[in-house]
Amino acid sequence: MAKDLIIIGAAQDGRVAAEVVEDIGNKWNLLGYLDDDPAKQGIEMNGFPVLGKIGDAAKYRNCYFVIMLGSPKRNTTKRRIAAKLGIGLEHYATLIHP
């Protein structure tokens, strides 16, 4: 059975992650994105909805997450977001393109 997944970050890296999820097949059921950009709230990216803001992750406790924010210049962004969310490591997904 596919596991529910939410991508944190609906910018370019998040959309690439959505394509990877689709290429992987039926391991993941992508529910959509969480993103703090007000312009992205309520729209679809790559056919998947922006479900709310990053802080809304608590509403999806039975899901898995992948954080697709940050850059090599600011490599602490993912760590900072993960600490803020307080989600256990067992709820983070690793995506590897087939």
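Note that the structure is predicted; figures quoted are calculated from it, not measured.

**A word on the pattern of salt bridges**
1) Next: In total, this model carries one salt bridge according to the counting rule given.
2) Next: Residue D56 pairs with K59 through a salt bridge whose shortest N-O separation is 3.8 Å.
3) Next: A relative accessible area of 22% means that D56 is categorised as partly exposed.

**What to know about the sheet that holds strand β2 (residues 28–34)**
1) Next: Taking strand neighbours across the sheet as the criterion, the five strands line up as β3-β4-β2-β1-β5 in an open arrangement whose pairing is mixed. Two strands lie at the open edges of the sheet, namely β3 (44–45) and β5 (64–67), each paired on one side alone.
2) Next: With respect to the sheet, helix α1 (residues 12–24) is in contact with β1 (3–8), β2, β3 and β4 (48–52), its orientation differing from that of β2 by roughly 170 degrees.

**Some thoughts on unusual backbone geometry**
1) Next: One non-glycine residue, N46, adopts positive backbone phi at about 55 degrees.
2) Next: With respect to the secondary-structure elements, N46 resides in the loop between β3 and β4.
3) Next: Look at N46 and you get partly exposed, because its relative accessible area is 32%.

**Considering the environment of N29**
1) Next: One can find N29 in strand β2.
2) Next: Under the relative-accessibility criterion, N29 is labelled partly exposed at 33%.
3) Next: With 51 residues separating them along the chain, N29 and R80 place their C-alpha atoms 26 Å apart.
4) Next: The contact partners of N29, leaving out residues within four places of it in the chain, are A2, K3, D4 and L5.
5) Next: There is a polar contact of 2.7 Å between the side chain of N29 and the side chain of D4.

**Details of the environment of L34**
1) Next: Structurally, L34 is set in strand β2.
2) Next: Between the alpha carbons of L34 and I54 there is a distance of 4.9 Å; along the sequence they are 20 residues apart.

**Some points on the packing of aromatic side chains**
Two aromatic rings, taken as a pair, are described by how far apart their centres are and by the angle between their planes.
1) Next: Per the stated rule, a full pass over the model turns up one aromatic pair.
2) Next: Relative to Y64, the ring of W28 lies with its centre 5.5 Å away and its plane at 65 degrees, an arrangement referred to as edge-to-face. Of the two residues, W28 sits in strand β2 while Y64 sits in strand β5, which places them 36 residues apart along the sequence.
3) Next: Assessed through its relative accessible area of 8%, W28 is described here as buried.
4) Next: Owing to a relative accessible area of 22%, Y64 belongs among the partly exposed residues under this scheme.

Each value, and the rule that gives it
- Residues numbered from 1 in each chain as written.
- Predicted model: local features only at pLDDT ≥ 70, side-chain atom pairs only at ≥ 80, totals over all residues.
- Heavy atoms only, no water.
- Salt bridge = Lys/Arg side-chain N within 4 Å of Asp/Glu carboxyl O.
- Buried < 20%, exposed > 50% of the residue type's maximum accessible area, 1.4 Å probe, protein only.
- Pairing = 2+ DSSP bridges.
- Helix = DSSP H or I, 4+ residues; strand = E, 2+ residues; numbered from the N terminus.
- Contact = heavy atoms within 4.5 Å.
- Axes fitted to C-alpha atoms, helices over the stretch in contact; angles between N-to-C directions.
- Polar contact = N/O pair within 3.5 Å; in protein donor to acceptor, adjacent residues only side chain to side chain.
- Phe/Tyr/Trp six-rings, centres within 6.5 Å; stacked < 30°, edge-to-face > 60°.

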